[in-house]
Amino acid sequence: MTAPFVFPGISTRVVFGSGTLDLVADELAALCHRAALVVSTPQQADQARAVADRLGTAAAGLFTKAAMHTPIEVTDRAVDAFLRSGAACVVAIGGGSTVGLAKAIATRTGADQIVIPTTYAGSEMTDILGETAQGEKTTRRDESIRPEVVIYDVNLTLGLPVAMTVTSALNAIAHGVEGLYARDANPITDMMALDAMRAFRDGLPKVVAAPDDHDARAKVLYGAWLCSTALGHVSMALHHKLCHVLGGSFGLPHADTHAIMLPHTAGFNGVAVPDKLAPVAEIFGGSVGGGLWDFAKSNGAPLRLADLGVTEADLDRAAEIATRNPYDNPRPFGREEIRSILGAAWRGDRPET
Ligand code: NAD
């Protein structure tokens, strides 16, 4: 019997292809008929200028200071630049950090957003915004946060360094895995998550072998879109919570942390929801966690929290922080279980389940 479900619909317009960056001016005109502030990190300022060139007079200005974890001091400066420029929209080009800045500007000003992702992190299709104030990162969800238009251009991902490609892809797969056992999962997000995992399984090794393999890059970016969409329509559980604690309280790099933790959280939860995660084991081979760990290892992903500078004492503190407030998860857990998951990830053990 098909279980009852709610599918909330997908409101974001998506343009996917190669060379689609050239469509940005048309998309902006269709969206808001007004000028846009273009945002990026300092590292991607050239790409922001390339966007502004394509927008011509519809480019109201550039703000190229986006930073990891969306610090509110940066957002304040960006909002100031946005208001002074007279823009009505934001166009963001970059990874999750830049998309986060666009979302932060939009929630404060009502600006419409066009987002052009260049990693697989998957913030673009979600209604989630994480922001950092006084060293603490908080996350909230609201429909007004979700970008109106997303332009995926495979060409922009050809130069994403291989190490970042691999960890970012595993970050995306983590959205898909948690989507499968989310309490508000539905048949559409399930299909998306599983099709995405097949795309990553087939595409990622080819990208690692030949980073400018266009077809393989397209497959991986397609998988990223699917995972981002799934994440944008379901709630998150243990995996995202643990990564949030490790990133927010210990300053660990976002994608690396997801890559290392995923086999362990998935293996832990797979015991409680074997039917839901059996397809993951089928796709990657072996057990749920073991298959993901093998896939990560064969693509050269980092496997040990210890290699990110985490100490054993940090693990105790992380387990304490991660169990302070209750949250959704298919398998009940306490501090001991979390400490054990973190210990295995710290050592880089291959999960058995
Ligand atoms: P990032 O955006 O910080 O990018 C890392 C670095 O890579 C930056 O310097 C960036 O400019 C550069 N870069 C990006 N694309 C590149 C490319 N194609 N070629 C060369 N360099 C490139 O990293 P990320 O992993 O994409 O995003 C992480 C952030 O996104 C975190 O803050 C995380 O919390 C957030 N995030 C949010 C959501 C959400 O739904 N709100 C989802 C996923 C991630």
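Residues numbered from 1 in each chain as written. Predicted model: local features only at pLDDT ≥ 70, side-chain atom pairs only at ≥ 80, totals over all residues. Heavy atoms only, no water.

Caption draft 1: Structural view of unusual backbone geometry. Look at His33: it is not a glycine, yet its phi comes out positive at around 55°. For His33, the location among the structural elements is in the loop between helix 1 (24-32) and strand 2 (36-39). We classify His33 as exposed; its relative accessible area is 70%. Here His69, not a glycine, exhibits a phi torsion of approximately 70°, which is positive. Assignment of secondary structure puts His69 in the loop between strand 3 (59-63) and helix 3 (72-85). (Helix = DSSP H or I, 4+ residues; strand = E, 2+ residues; numbered from the N terminus. Buried < 20%, exposed > 50% of the residue type's maximum accessible area, 1.4 Å probe, protein only.)

Caption draft 2: Broad picture of the packing of helix 6 (residues 187-209) against helix 10 (residues 274-284). Between helix 6 and helix 10, the least distance of the axes is 10 Å, while the angle of their chain directions is 15°. Classified by the angle between their axes, helix 6 and helix 10 sit roughly parallel to one another. Crossing handedness for the pair helix 6 and helix 10: right-handed. Taken together, the residues of helix 10 that come into contact with helix 6 (itself represented by Leu194, Met197, Arg198 and Arg201) are Pro279, Val280, Ile283 and Phe284. Residue composition of the contact of helix 6 with helix 10, by class: 6 nonpolar, no polar and 2 charged. (Axes fitted to C-alpha atoms, helices over the stretch in contact; angles between N-to-C directions. Parallel < 35°, antiparallel > 145°, perpendicular 65-115°, else oblique. Left-handed = near helix turned anticlockwise from the far one by under 90°. Contact = heavy atoms within 4.5 Å. Nonpolar A, V, L, I, M, F, W, Y, C, P; charged D, E, K, R; others polar.)

Caption draft 3: How the structure looks around the domain arrangement of the protein. You can read the domains of the protein as domain 1 (13-157) and domain 2 (162-347). Using C-alpha coordinates to define each centre, domain 1 is positioned 25 Å away from domain 2. Between domain 1 and domain 2, the residue contacts involve 25 residues of the former and 27 residues of the latter. With both chains or domains summed, domain 1 and domain 2 bury close to 2,100 Å², and 62% of this area falls on carbon and sulfur atoms. Area buried by domain 1 at its contact with domain 2 is led by Phe16, Tyr120 and Arg141, which between them contribute 31% of it. Along the contact surface separating domain 1 from domain 2 lie 0 salt bridges. Sorting the residues of the side of domain 1 that touches domain 2 by element identifies strand 1 (13-17), strand 7 (136-141) and strand 8 (149-153) as the ones contributing at least two each. The leading source of residues in the side of domain 1 that touches domain 2 is strand 7, at 3 residues. Counted by class, the side of domain 1 that touches domain 2 contains 9 nonpolar, 10 polar and 6 charged residues. (Domains from an automatic or database assignment. Buried area = accessible area lost by both parts, 1.4 Å probe. Salt bridge = Lys/Arg side-chain N within 4 Å of Asp/Glu carboxyl O.)

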